[in-house]
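Here are the chains, one letter per residue:
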Amino acid sequence: MPINKEAYLSLKNDLDAKHVTLVAVSKTKPVEDIRELYDLGHRDFGENYAQEMLAKSALLPPDIRWHFIGHLQSNKVKLIAPFVQLIQSVDSLKLLEEIDKQAAKAGRIIDCLLQAYIAEEETKFGMDEKELEQAFSSINKLRNVKILGLMGMASLTADIEQVRKEFRHLKVLFEKHAKLQIPNSQLLTLSMGMSGDYRLAMEEGSTMVRIGSLIFGERN
Ligand SMILES: *Cc1c(COP(=O)(O)O)cnc(C)c1O
């Protein structure tokens, strides 16, 4: 299926005007689709599976900025450590430590977002407030990761006020930690909003949205 060029261009215009970064979520989509968007000038792509991201990166230009946004198993970190731009879905201190280790092996510093648990649903990954505190207080021991912000996913619900409440909560967490001047962190990025709720997320202060189906069409 071809990408929705019109939707992309109007989205991109809108987001650029508001200084919000667009990550095009290309999980399960073929490299041809990514290439089409690349040829329109797009460089930030999001993937959920380490092997898939690795395989696609080998077939596409090296100046693509790959964002990892799915649940990342510790034993898969090494697959993406040499080239990933931003790991947005760091959902445990253990994972952060593994990223630090693999980043050192790859001779680089890997930028990360901590994924905060904000949804009422049981199914979403992420750290609660206590786990976030723990991660931030351990970060000074980790030399090869840098925390650039927070990521969160709201509940999948038609209840707009519920979604707004969850985004607000994430924004509060973000601002609280941004004020603290934590070593190895510089909280500039608040990644929230997907195809169905990105407008709401932007109203609540998102600086980065992750959009898949609106650009690439529905996934199978
Ligand atoms: C799949 C996914 C997206 C994109 O979802 P769409 O509804 O297709 O825009 C965004 N963020 C995460 C973490 C995802 O897994």
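Counting of residues starts from 1 at the beginning of each chain's written sequence and follows it residue by residue. Reporting of local features is limited, given that this is a predicted model, to residues whose pLDDT is at least 70; pairs of side-chain atoms are given and counted only at 80 or more, and all residues count toward the totals for whole chains, interfaces and linings. The basis for the side-chain values is all heavy atoms of the structure; hydrogens and waters are excluded.

Engineer: Any details on the overall build of the protein chain? Residues and values, ideally.
Structural biologist: Helix and strand counts for the protein chain come out as nine helices and eight strands. Our radius of gyration is a C-alpha quantity, and the globule rule it is checked against amounts to 2.2 Å times the number of residues to the power 0.38. For a compact globule of 220 residues, the expected C-alpha radius of gyration is about 17 Å, and the protein chain comes in at 17 Å, within 12% of that figure. With respect to the three principal axes, the spread of C-alpha positions in the protein chain is 45 × 45 × 30 Å. Across the protein chain, every contact between residues at least 6 apart in sequence was considered, and the portion connecting residues at least 24 apart equals 60%. For the purposes of this entry, the term helix denotes a DSSP run of H or I that reaches at least four residues, the term strand denotes a run of E that reaches at least two, and both are numbered from the N terminus. Here a residue-residue contact requires only that any non-hydrogen atoms of the pair lie within 4.5 Å.

Engineer: Talk me through unusual backbone geometry; I want residue IDs and the actual numbers.
Structural biologist: For His19, which is not glycine, the phi dihedral falls at a positive 55°. Within the secondary structure layout, His19 lies in the loop between α1 (5–17) and β1 (21–25). Each residue is assigned to one of three classes by its accessible area relative to the maximum for its type, calculated with a 1.4 Å probe on protein chains only: buried under 20%, partly exposed between the two thresholds, exposed over 50%. Taking relative accessible area as the criterion, His19 reaches 70% and is therefore assigned exposed. The phi angle at Thr28 is positive, at roughly 65°, despite the residue not being glycine. Looking at the secondary structure, you find Thr28 in the loop between β1 and α2 (31–39).

Engineer: So what's going on with the site of the ligand? Residues and values would help.
Structural biologist: In this text, near means that some heavy atom of the residue lies within 4 Å of the molecule or strand in question. Val25, Lys27, Asn48, Ile69, Met153, Met194, Ser195, Arg210, Ile211, Gly212, Ser213 and Arg219 make up every residue found near the ligand. Between the ligand and the protein, one listed contact pairs an oxygen atom with a backbone N or O atom of Gly212 at 2.8 Å. Within 3.5 Å is the distance limit for a polar contact, defined as a pair of N or O atoms, with the added protein rule that one can donate a hydrogen and the other accept it, and that residues adjacent in sequence qualify only through two side-chain atoms. Separating an oxygen atom of the ligand from a backbone N or O atom of Ser213 is a distance of 2.8 Å. For every accessible area listed, the method is Shrake-Rupley and the probe measures 1.4 Å; residues are considered covered only by the protein chains on display. Isolated, the ligand exposes 390 Å² of accessible area, and the fraction of that covered by the protein chains is 91%. For the shell around the ligand, the class distribution of residues is five nonpolar, four polar and three charged. When residues are sorted by character, Ala, Val, Leu, Ile, Met, Phe, Trp, Tyr, Cys and Pro go into the nonpolar class, Asp, Glu, Lys and Arg into the charged class, and all the rest, Gly among them, into the polar class.

Engineer: Break down α1 for me, with residues and values.
Structural biologist: Given 3.6 residues to a turn, an α-helix orients residues that are three or four positions apart in the same direction. In a regular helix each residue adds 1.5 Å, so 13 residues correspond to 18 Å; α1 covers 18 Å between its end C-alpha atoms and thus fits that length. Tucked into the core, α1 has its buried residues touching β1, α2, α8 (198–203), β8 (208–211) and α9 (213–216). His19 sits one or two positions beyond α1 and adopts a positive phi of about 55°. To estimate how far a helix should reach, multiply one less than its number of residues by 1.5 Å.

Engineer: Now, about the pattern of salt bridges: what can you tell me, with residues and values included?
Structural biologist: Definition used for salt bridges: Asp or Glu carboxyl oxygen within 4 Å of a side-chain nitrogen of Lys or Arg. Under the definition given, this model contains 14 salt bridges. Across the salt bridge formed by Lys18 and Asp14, the nearest N and O atoms sit 2.7 Å from each other. Among the residues examined, Lys18 registers a relative accessible area of 49% and is labelled partly exposed. Classification of Asp14 by relative accessible area gives partly exposed; the value is 23%. For Arg65, the salt bridge identified is with Asp44, shortest N-O distance 2.8 Å. Highlighted residues: Arg65 in strand β3 (residues 65–68) and Asp44 in strand β2 (residues 44–47), separated in sequence by 21 residues. In the salt-bridge network here, residues are joined through shared partners; they are Glu161, Arg164, Arg168, Glu203 and Glu204.

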